[in-house]
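One letter stands for each residue in the lines below.
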Amino acid sequence: MITVYSTPTCVFCHALMAWLEQKNIEFEEKDLSDEKIREKLEKKYRREFKSVPITEIGDELIEGFNRPAIKRALKKL
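The notes below deal with the structure included here. All chains use their own residue numbering, which begins from 1 and follows the written sequence. Per-residue local features of the predicted model are confined to residues with pLDDT of at least 70, and side-chain atom pairs are confined, for both listing and counting, to 80 or more; whole-chain, interface and lining totals are unaffected and use all residues. For the side-chain quantities, the full set of heavy atoms in the structure was used; hydrogens and water were omitted.

Describing the state of the cysteines
Move 1: Cysteine sulfur atoms are paired as a disulfide whenever they fall within 2.5 Å. Under the criterion given, the structure shown has one disulfide.
Move 2: Paired by a disulfide, Cys10 and Cys13 hold their sulfur atoms 2.4 Å apart. Residues Cys10 and Cys13 share a disulfide whose torsion about the S-S bond is about 85°; that sign makes it right-handed.
Move 3: Exposed residues in this analysis have more than 50% of their type's maximum accessible area, buried residues have under 20%, and partly exposed residues fall in between, with area computed by a 1.4 Å probe over protein chains only. You can call Cys10 buried: its relative accessible area is 8%.

See below:
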């Protein structure tokens, strides 16, 4: 399962999601500007997040639009 945590105004978030769509990779988008979603993510990872996008791929968490890290994580799925 792939989840992209983004915000509506994040250019890098939209670039990441467009890239995933071009690769025909299914993902779920969650709006991190929603306080409940942010609190749940921060509780799960026991840390505060200051930037987006944040991508969960399996049990890996990748901050930013880091293509090499995302590609490595996708290969593990």
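Notes on the pairing of strand β2 (residues 28-31)
Move 1: Paired strands are those between which DSSP finds at least two bridges. For the purposes of this entry, the term helix denotes a DSSP run of H or I that reaches at least four residues, the term strand denotes a run of E that reaches at least two, and both are numbered from the N terminus. With four bridges connecting them, strand β1 (residues 2-6) and β2 associate as parallel partners. Bridge pairing in β2 links Tyr5 to Lys30.
Move 2: For the crossover that starts at β1, traverses helix α1 (residues 11-22) and ends in the parallel β2, the hand is right-handed. Crossovers are marked right-handed if the path from the first strand over the helix to the second runs clockwise, as seen with the strands pointing away from the viewer.

Observations concerning the pairing of strand β3 (residues 54-57)
Move 1: Side chains Ile54 and Glu56 project from β3 onto one buried face, and the interleaved Thr55 and Ile57 project onto a second face that is buried too.
Move 2: Sheet analysis places β1 next to β3, joined by four bridges and oriented antiparallel. Paired with Val4 across the two strands is Thr55, which belongs to β3.
Move 3: Note: β3 against strand β4 (residues 60-63), four bridges, orientation antiparallel. What sits directly across from Glu56, in β4, is Leu61.
Move 4: Linking two consecutive strands that pair antiparallel, namely β3 and β4, is a turn of two residues; a positive phi of about 65° is found at Gly58 within it.

A few points about the packing of aromatic side chains
Move 1: Aromatic pairing here means that ring centres of Phe, Tyr or Trp (its six-membered ring) are within 6.5 Å. Orientation follows from the plane angle: under 30 degrees is stacked, over 60 is edge-to-face, and everything else is tilted. A full pass over the atoms with the stated rule returns two aromatic pairs.
Move 2: On the basis of an interplanar angle of 85° and a centroid distance of 6.3 Å, the ring pair of Tyr45 and Phe49 is categorised as edge-to-face.
Move 3: A relative accessible area of 23% places Tyr45 in the partly exposed class.

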